[in-house]
Amino acid sequence: MRFLLIILALFSLTAKAEIVSITLPIDDTKLKPLSLPGYGLAQSKCHLCHSVDYIMYQPPEMDLKEWTGEMYKMRNEYGAPISMDEAKVIAAYLSVAYGSEKETNKEIIALTNLAKTKKIYNPENLDVQSLLSDNDCLTCHKDAGASSLKDIRARYEGRDNAVDRLGAAIKHGALGMPKPPINRREAEAIAKHILGEDVK
């Protein structure tokens, strides 16, 4: 009897389920235009994950360090498709446009110069060698010895969901190393490289 009642209850819930469509309002919010390179990056990247007016609700006294922390969180925790350098450059723009920093601050000028020397981040075609180099991975994971890339490959190769397992281990620093400042997509790219699955 109890089983029958459960079936009837599930049927009742299913029968009431309807497809509902909603129309979201158009996001026509504009960012404050500045000559800083982070302005263009923010225009092209921020709206991929959220409405631009989310930025305008942040405390107006936020400085470069605080905006940089926010950008790292967007990148590393929420998977925003931006590099570490792009996160810094966008933070520089936001800290001037919506925070307490000035364009003439030395750190802001240094980040403006950095933007001129870096390639645009492409999350669909990541440069794994740069990821390994920028995060000092090869300082410890050398070609030979314990915890070398070959050693790690042997540990994960052939296991179910090897890329996912190794990617998670890399992202969370589970290989005896500090947690690197990378997002899930970057961790998976490194895992594919180690496992030899990125060969085209």
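So, here's what we can say about the structure.

Criteria and thresholds
- Residues numbered from 1 in each chain as written.
- Predicted model: local features only at pLDDT ≥ 70, side-chain atom pairs only at ≥ 80, totals over all residues.
- Heavy atoms only, no water.
- Helix = DSSP H or I, 4+ residues; strand = E, 2+ residues; numbered from the N terminus.
- Buried < 20%, exposed > 50% of the residue type's maximum accessible area, 1.4 Å probe, protein only.
- Contact = heavy atoms within 4.5 Å.
- Areas by Shrake-Rupley, 256 points an atom, 1.4 Å probe, with all protein chains shown as cover.
- Phe/Tyr/Trp six-rings, centres within 6.5 Å; stacked < 30°, edge-to-face > 60°.
- Expected span 1.5 Å × (residues − 1).
- Arc of directions from axis to C-beta.
- Lys, Arg positive; Asp, Glu negative; His and termini not counted.
- Salt bridge = Lys/Arg side-chain N within 4 Å of Asp/Glu carboxyl O.
- Polar contact = N/O pair within 3.5 Å; in protein donor to acceptor, adjacent residues only side chain to side chain.

**Comments concerning the overall build of the protein**
Moving on, step 1. The helix and strand inventory of the protein stands at 11 helices and zero strands.
Moving on, step 2. Listing each helix as α and each strand as β along the protein from the N terminus yields α-α-α-α-α-α-α-α-α-α-α.
Moving on, step 3. Per-residue burial over the protein gives 36% buried out of 200 residues.
Moving on, step 4. Within the protein, contacts between residues at least 6 apart in sequence are counted, and of these 63% link residues at least 24 apart.
Moving on, step 5. Carbon and sulfur atoms make up 56% of the accessible area of the protein, which totals about 13200 Å².

**Structural notes on the packing of aromatic side chains**
Moving on, step 1. Counted under the stated rule, the structure contains two aromatic pairs.
Moving on, step 2. Plain terms: the ring middles of Tyr39 and Tyr93 are 5.6 Å apart, the flat faces sit at 45° to each other, and that makes the pair tilted. One end of the pair, Tyr39, is in helix H2 (residues 37–45); the other, Tyr93, is in helix H5 (residues 84–97), and 54 residues separate them in sequence. Each member of the pair, Tyr39 as well as Tyr93, carries the same accessibility label: buried.
Moving on, step 3. Centroid distance Tyr93 to Tyr98: 6.4 Å. Interplanar angle 85°. Geometry classified as edge-to-face. Tyr98 carries the same exposure label as Tyr93, and that label is buried.
Moving on, step 4. Here a set of aromatic residues connected by ring pairs shows up, and it is made of Tyr39, Tyr93 and Tyr98.

**So, helix H6 (residues 106–117)**
Moving on, step 1. With 12 residues, H6 should cover 16 Å at 1.5 Å per step; its first-to-last C-alpha distance of 17 Å lies within 8% of that length.
Moving on, step 2. Along H6, the positions that sit buried rather than exposed are Ile108, Leu111 and Thr112. With its buried residues spanning 105° around the axis, H6 presents them on a single face. Across from the buried face of H6, at angles greater than 90 degrees, the exposed residues are Lys106, Glu107, Lys116 and Thr117.
Moving on, step 3. At its buried positions, H6 is contacted by H2, helix H4 (64–76) and H5.

**Focus on unusual backbone geometry**
Moving on, step 1. Notably, Asn161 is not glycine yet its phi reads approximately 50°, a positive angle.
Moving on, step 2. With respect to the element layout, Asn161 can be found in the loop between helix H9 (149–156) and helix H10 (162–171).
Moving on, step 3. With a relative accessible area of 53%, Asn161 lands in the exposed category.

**Some words on the side chain of Lys45**
Moving on, step 1. The residue Lys45 is located in helix H2 in this model.
Moving on, step 2. Here Lys45 occupies a buried position and makes no salt bridge, while the nearest side chain of opposite charge, Glu86, is found at 4.0 Å.
Moving on, step 3. A distance of 3.2 Å separates a polar atom in the side chain of Lys45 from the backbone oxygen of Pro81.

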